[in-house]
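# Architecture and fold: a report
Chain by chain, the residues:
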Amino acid sequence: MTEATRFPAVADALVAVLAGVGAVAGSYAAVGLAPAFLGSPLERVLSRAMPGPVVAVAIERLGSVGQQLNLLLASLLTALAVAVLVWLAIRVGDQLRNRAVPVVLGAAFVWAATALVTVNFASATGAAAGAAFVVSTAGFLPVATASIGGSPDPVRRRVVGGVAAALGLGTVALTRSSPSPRPDQPLSADVPESVRESLELASERSLDVSGIEPLVSRDFYQVDINAADPRVDPDDWSLAVTGAVESVATYSLDDLRSMDERTEFSTLRCVGDSLNGQKLDNALWTGVPTEELIDAADPGGECDCVKLHAADGYFQVFPTEALRGGLLAYEMNGRDLPRGHGYPLRALVPGHWGEVQVKWLTEIEFLERDAEGYWEQRGWHGTGPVSTVAKLWAVDDLADGRKQVAGHAYAGTRGISKVEVSTDGGDSWNEATLSEALPGEDVWRQWVYEYDPPGGSHEVVVRAVESDGTLQSGTRREAFPNGATGWVSKTVQ
Ligand SMILES: Nc1nc2c(c(=O)[nH]1)N[C@H]1C(S)=C(S)[C@@H](COP(=O)(O)O)O[C@H]1N2
Ligand SMILES: [Mo]
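Just so we're clear, the structure is a prediction, and the values are computed from it rather than from any experiment. (Residues numbered from 1 in each chain as written. Chains lettered and ligands numbered in written order. Predicted model: local features only at pLDDT ≥ 70, side-chain atom pairs only at ≥ 80, totals over all residues. Heavy atoms only, no water.)

### So, the side chain of Lys-391
Assignment of secondary structure puts Lys-391 in the loop between strand E11 (389–390) and strand E12 (394–397). You can call Lys-391 buried: its relative accessible area is 0%. Here the side chain of Lys-391 touches Asp-273 through a polar contact of 2.5 Å, side chain to side chain. In terms of polar contacts, Lys-391 uses its side chain to reach the backbone carbonyl oxygen of Leu-275, at 2.9 Å. (Helix = DSSP H or I, 4+ residues; strand = E, 2+ residues; numbered from the N terminus. Buried < 20%, exposed > 50% of the residue type's maximum accessible area, 1.4 Å probe, protein only. Polar contact = N/O pair within 3.5 Å; in protein donor to acceptor, adjacent residues only side chain to side chain.)

Next comes the structure, spelled out in structure tokens:
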């Protein structure tokens, strides 16, 4: 081998790393943010292995940013692992003095490894193509070398080619995104009149206040154990009812859709939501009442408890009684359930914390004995009813010099009767205006309050009152492990 074709080891290593990045980007370009994405398997391992208290802090302080950092870390580590494979291919190429070998062998290694960990043809092919593209652009192919012949330094030429290829692939990959349909986009013509009317009612009853969500959320929060949501093919999907029952059953999506359906408003809040956080939203859901399936199965079981299983490996255990009032929803706001919210089917358990509202539902298993759910294994206590909260999400100066404060209040099935506002740090209280209640027993309300500012800094405090007159607890507690409690307060200038 001549000096001209032999590159320093550091250049080989750099190209290998870039090819690793190229493989990850290629996989992303092929399948998007899905469980089959090359970075996903390690991301799943890392998120499962994370100690409960660390996850708790990450959820409360970082929200989905923590998850994105985890995915980034997993993707980088995966790229490094791929780099080792490509580096091996480059060494073999050097030994054989053949510049096509690293490209072909590297692609083969990456294809096999990706296929093995993702079990997905498109992902493996995308990853192999990404790696091969970087390696060939880096100058292993005579053609490529000749065509970038302007540069006098072959090492620099190779590295610049690799960087350009990896950046190009990364850019292509990042342009992929699949946003959920927003509730304010037009509905298709076959949406039933009752759904249309309910959505109209919600928009009529929404207060005309800027800075807060309408009664049907435009941007519904999302909490998942994984960065990549499952992609469920409805034709391959079914719901199994199993365990301590008189009769097991399996339902296809068509089976469920042909049963008597119900449409209802239901509000969700995550137990990890901080006191004045935004993991609280409302939607109009359509699906089959769980009651029918439960009666058909006729569960026994000592614990009177049920375990819901999901396509992403998530599971929760809670009392069968709570599931009885629930809904198995296949539509949200008049459209198929968006992928991020559990397509094709999710459970809704009125008034309970978000964690039991299992998405991508695959199995309802009635248990003989009590067990822990995914989050309970990590120290949370989020299978029961929600705590009551009044959020303070908007503070505005009105044209006439008055101030306006507004937010939402939610008490699960206990309902909200009143929201009270103090503008003097809790010494005196005034009643806020509430949005007219929507039908349903598990629906949030908006509140708004206007006042003459005292001049200078003052403390605004809000608290909700439940339907039976019970006042929201003023005891301050962080979200972990039982859900945040206390009255939201804000210093206003
Ligand atoms: N399969 C599955 N279901 C799930 C989760 C999940 O990670 N996987 N997260 C739960 C949690 S913690 C909450 S708060 C709600 C959030 O529902 P959303 O993402 O539709 O808002 O879904 C619950 N259902
Ligand atoms: Mo949650």
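### What to know about the state of the cysteines
The final tally for this structure, using the stated rule, is 1 disulfide. The disulfide partner of Cys-303 is Cys-305, and the gap between their sulfur atoms is 2.1 Å. Its S-S torsion of approximately -80° makes the covalent link between Cys-303 and Cys-305 left-handed. On the basis of relative accessibility, which here comes to 4%, the residue Cys-305 falls in the buried class. (Disulfide = S-S within 2.5 Å.)

### Observations concerning the domain arrangement of the protein chain
Domain boundaries assigned for the protein chain yield domain 1 (3–174), domain 2 (193–378) and domain 3 (389–492). Each of domain 1 and domain 3 has a C-alpha centre, and the two are 50 Å apart. (Domains from an automatic or database assignment.)

### Some remarks on the sheet that holds strand E5 (residues 305–310)
Taken together, 5 strands build an open sheet; the order of strands is E2-E1-E10-E5-E6 and the sheet is mixed. For this open sheet the edge positions go to strand E2 (249–251) and strand E6 (315–319), each flanked by a neighbour on one side alone. Taking each pair of neighbouring strands and ignoring which way they run, the sheet shows an average axis angle of 20°. Of the pairings in the sheet, the one linking strand E1 (residues 239–243) to E2 comprises 3 bridges and is antiparallel in character. Within E2, the position partnered with Leu-239 by the bridge is Tyr-251. (Pairing = 2+ DSSP bridges. Axes fitted to C-alpha atoms, helices over the stretch in contact; angles between N-to-C directions.)

### What to know about the site of ligand 1
Neighbouring ligand 1 are 20 residues, the closest being Tyr-221, Asp-312, His-341, Arg-346 and Lys-359. At 2.7 Å, a side-chain N or O of Asp-312 approaches a nitrogen atom of ligand 1. Between Arg-346 and ligand 1, the recorded distance is 2.7 Å, taken from a side-chain N or O atom to an oxygen atom. Coverage of ligand 1 by the protein amounts to 99% of the 530 Å² it exposes when considered alone. Tallied by class, residues from the shell around ligand 1 come to 11 nonpolar, 4 polar and 5 charged. (Near = heavy atom within 4 Å. Areas by Shrake-Rupley, 256 points an atom, 1.4 Å probe, with all protein chains shown as cover. Nonpolar A, V, L, I, M, F, W, Y, C, P; charged D, E, K, R; others polar.)

### Observations regarding the packing of aromatic side chains
Applying the stated rule across the entire model yields 10 aromatic pairs. Their ring planes at 85° and their centres at 5.3 Å tell us that Tyr-28 and Phe-37 sit as a pair that is edge-to-face. Of the two residues examined, Tyr-28 and Phe-37, each falls in the buried class. Ring geometry for Phe-220 and Tyr-221: centres 5.6 Å apart, planes at 15°, overall stacked. Exposure remark for Phe-220: the relative accessible area of 12% places this residue in the buried category. By relative accessible area, which is 13% here, Tyr-221 ends up buried. Put simply, the rings of Tyr-314, Phe-315, Tyr-374 and Trp-375 pair up and form one aromatic cluster. Above the face of the Phe-315 ring, Lys-307 is positioned so that its terminal group lies 5.0 Å from the ring centre. Over the ring of Tyr-374 we find Arg-378; its NZ or CZ atom is 3.7 Å from the centre of that ring. (Phe/Tyr/Trp six-rings, centres within 6.5 Å; stacked < 30°, edge-to-face > 60°. Lys NZ or Arg CZ within 6 Å of the ring centre and 35° of its normal.)

### Here we look at the packing of helix H1 (residues 9–31) against helix H4 (residues 64–96)
Across the interface, H1 lies against H4 with an axial gap of 7 Å and an inter-helix angle of 130°. Looking at the two axes, H1 sits oblique to H4. Between H1 and H4 the crossing geometry is right-handed. Residues Asp-12, Ala-13, Val-15, Ala-16, Val-17, Ala-19, Gly-20, Val-21, Ala-23 and Val-24 of H1 touch H4, and the partners they reach there are Ser-75, Thr-78, Ala-79, Leu-80, Val-82, Ala-83, Val-86, Trp-87, Ile-90, Arg-91 and Asp-94. Taken together, the residues of the contact of H1 with H4 sort by class into 15 nonpolar, 3 polar and 3 charged. (Parallel < 35°, antiparallel > 145°, perpendicular 65-115°, else oblique. Left-handed = near helix turned anticlockwise from the far one by under 90°. Contact = heavy atoms within 4.5 Å.)

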